[in-house]
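What follows is the residue order along each chain.
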Amino acid sequence: MNKYDVIVVGAGPAGLMAAGQAAESGTKVLLLEKMDTPANKLRITGGGRCNITNAAPINEFIKSFGMNGRFLRPVFSRFFSTELLQFFYNAGIRFVTEADGKIFPEDDKADTIVDFLLNWIRERGVTLQTGFTVNRLLIENGKLTGIAGSSSDKIYYTENIIITTGGASYPGTGSSGDGYSLAKSAGHTIINIRPSLIPLEIAGNIAQDLQGISLSNVTVKVLVNGKNITSRSGEMVFTHYGVSGPLILLISKIVVEHLLIKQKVFLSIDLKPEMDDKTLDAFLLSEIKTHGKKLFKTLLNEWLQKKLVPACINLLNIQPDKLCNQINAEERKKLRIWLKDFRLEVKNYRPLPEAIVTAGGVNLKEIDPNTMGSKLIKGLYFAGEVLDLDADTGGYNLQAAFSTGWAAGKAAAATFLH
Ligand SMILES: Cc1cc2nc3c(=O)[nH]c(=O)nc-3n(C[C@H](O)[C@H](O)[C@H](O)COP(=O)(O)OP(=O)(O)OC[C@H]3O[C@@H](n4cnc5c(N)ncnc54)[C@H](O)[C@@H]3O)c2cc1C
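Everything numeric in this text was worked out from a predicted model, so none of it was measured.

Caption draft 1: Layout of the pattern of salt bridges. Applying the stated rule across the entire model yields 22 salt bridges. Where Lys-340 meets Asp-270, a salt bridge forms, and the shortest distance between an N and an O atom there is 2.9 Å. Here Lys-340 is found in helix H13 (residues 329–340), whereas its partner Asp-270 is found in strand E16 (residues 265–270), with 70 residues between them in sequence. Neither residue differs from the other here; Lys-340 and Asp-270 are each classed as buried. The closest approach of N and O atoms between Asp-281 and Arg-332, which form a salt bridge, is 3.3 Å.

Structure below.
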């Protein structure tokens, strides 16, 4: 009764895919999930729309994971975006690709994906037990024998375990980092857990003053010791603690890495990236001349979002009630520099639970990239975010979870059947 061919721990995208694949190969599979409902995080992906993958070709896809992306090549060469979309297509689910390559279900519902996966594993005979927290791997003389759960004090026996417990962010969804201690108990090393895709806290009161302002089509440079280490364009928003939004999430991983080694990090916002310094100067000069009789603050209101104007006036220390024809060359230069280089000091990053993805995790050197199998303990597998893999936003993280889950499920079933 309590013995299974394969046990999967964690019913997120990686776990559901792994369990279904293992069962499809004919094995008796138990999927254990600590929450009362499975796939809570998957349901909120992409703001509930589920950005499931990306149209990027394999090389570009792999690059979005940074240095560790190479680990995914063997699995992606067997189960990549085309195969993932085909898998859902066979069940009648259709997708749309947006201009930036992000792919979503046609009905914009993450629930469609979750409901299908739950139905698919049920049809394949997977036993899903929710409300069961796995807290111990049973290993005897270097061999897996089963798992023990805290909540029901129950033991299940197996020689094949796939750990798909996710990262340590958004713990309310169930992903609270349990997989790291399970991995450690089996002798695995865990690469420094840290937030990736995380909002940033800004020094001083400037962010609070600008709270709620959203800037689109801006470019942000990350400056460390005055050196530009990366830059991205897009949309950002000011919050009560600092800055967030798609553009900030994209630069956040590199910011976190520099803050962790105690370096001072500044963001330089280019509010007018479409104009170089010379063009902007000519534009400002012509505007000031044309509208010589207007108040400077009135003109600023035409160029900038209303809520940004007091901050601009404050930072530049220019008399707002001056007429435009009273603005001198020095003041125009100050304005131009600010528009191209609105600088904010990053004080910190938000806590790990707020991260969209967790960076760090089970050391990839200890995992076989073809099977997701542990090189230390036979029959133990890892898939999804619990591994030391994280990518930019864009559907890359879900694809990695599905692909690694697919490989682990197939491999675990194959070892059992042979
Ligand atoms: C708000 C938000 C939006 C996102 N949007 C996108 C997006 O649009 N596209 C994209 O590619 N990525 C997105 N991501 C990232 C993506 O959701 C994750 O990378 C992905 O869900 C990881 O899948 P996983 O199966 O490895 O882990 P998870 O989805 O985290 O699932 C792990 C499961 O394991 C269970 N579990 C944990 N510990 C135990 C235990 N001890 N015993 C039993 N069960 C356990 C958890 O309850 C959970 O159900 C988003 C993330 C967030 C937070």
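That was the structure; now back to the text.
Caption draft 2: Structural view of the domain arrangement of the protein chain. Assigned domains of the protein chain: these are domain 1 (6–195 + 355–417), domain 2 (200–270) and domain 3 (277–342). Here the C-alpha centroids of domain 2 and domain 3 sit 24 Å apart. Domain 2 puts twelve residues into the contact, and the matching count from domain 3 is ten residues. Roughly 910 Å² is buried in total at the junction of domain 2 and domain 3, and carbon and sulfur atoms are behind 53% of that figure. When the buried area of domain 2 at its contact with domain 3 is split by residue, Ile-213, Ile-269 and Asp-270 rank highest and sum to 44% of it. Applying the counting rule to domain 2 against domain 3 returns one salt bridge. Along the contact surface separating domain 2 from domain 3 lie five residue pairs in polar contact (both at pLDDT 80 or more).

Caption draft 3: Representation of helix H7 (residues 178–185) in the model. Within the span of H7, buried status applies to Gly-179, Tyr-180, Leu-182 and Ala-183. Angularly, the buried residues of H7 cover 165° about the axis, an arc narrow enough to put them on a single face. Turning to H7, the residues buried within the fold contact strand E7 (134–140), strand E10 (161–163), strand E11 (190–196), strand E18 (357–362) and strand E19 (380–382). Gly-187 lies just past H7 and shows a positive phi near 95°.

Caption draft 4: The side chain of Thr-164, seen in detail. Within the secondary structure, Thr-164 sits in the loop between E10 and H7. In this view, Thr-164 contacts Val-8, Val-9, Gly-10, Ala-14, Gly-15 and Ala-383; residues no more than four positions away in its chain are not counted.

Caption draft 5: Local environment of the site of the ligand. Around the ligand, a shell composed of 34 residues is seen, among which Glu-33, Ser-175, Asp-178, Glu-385 and Leu-398 lie nearest. The contact in question runs from an oxygen atom of the ligand to an N or O atom on the backbone of Gly-46, over 2.9 Å. One of the backbone nitrogen or oxygen atoms of Leu-398 is found 2.8 Å away from an oxygen atom of the ligand. Taking 1000 Å² as the accessible area of the ligand by itself, protein coverage stands at 95%. Residue assignment for the shell around the ligand shows that the elements contributing at least two residues are helix H1 (13–24), helix H2 (40–44) and helix H14 (396–417). With four residues, the top contributor of residues to the shell around the ligand is H14. Among the residues making up the shell around the ligand, the classes are represented as 14 nonpolar, 15 polar and five charged.

How each quantity is defined
Residues numbered from 1 in each chain as written. Predicted model: local features only at pLDDT ≥ 70, side-chain atom pairs only at ≥ 80, totals over all residues. Heavy atoms only, no water. Salt bridge = Lys/Arg side-chain N within 4 Å of Asp/Glu carboxyl O. Helix = DSSP H or I, 4+ residues; strand = E, 2+ residues; numbered from the N terminus. Buried < 20%, exposed > 50% of the residue type's maximum accessible area, 1.4 Å probe, protein only. Domains from an automatic or database assignment. Contact = heavy atoms within 4.5 Å. Buried area = accessible area lost by both parts, 1.4 Å probe. Polar contact = N/O pair within 3.5 Å; in protein donor to acceptor, adjacent residues only side chain to side chain. Arc of directions from axis to C-beta. Near = heavy atom within 4 Å. Areas by Shrake-Rupley, 256 points an atom, 1.4 Å probe, with all protein chains shown as cover. Nonpolar A, V, L, I, M, F, W, Y, C, P; charged D, E, K, R; others polar.

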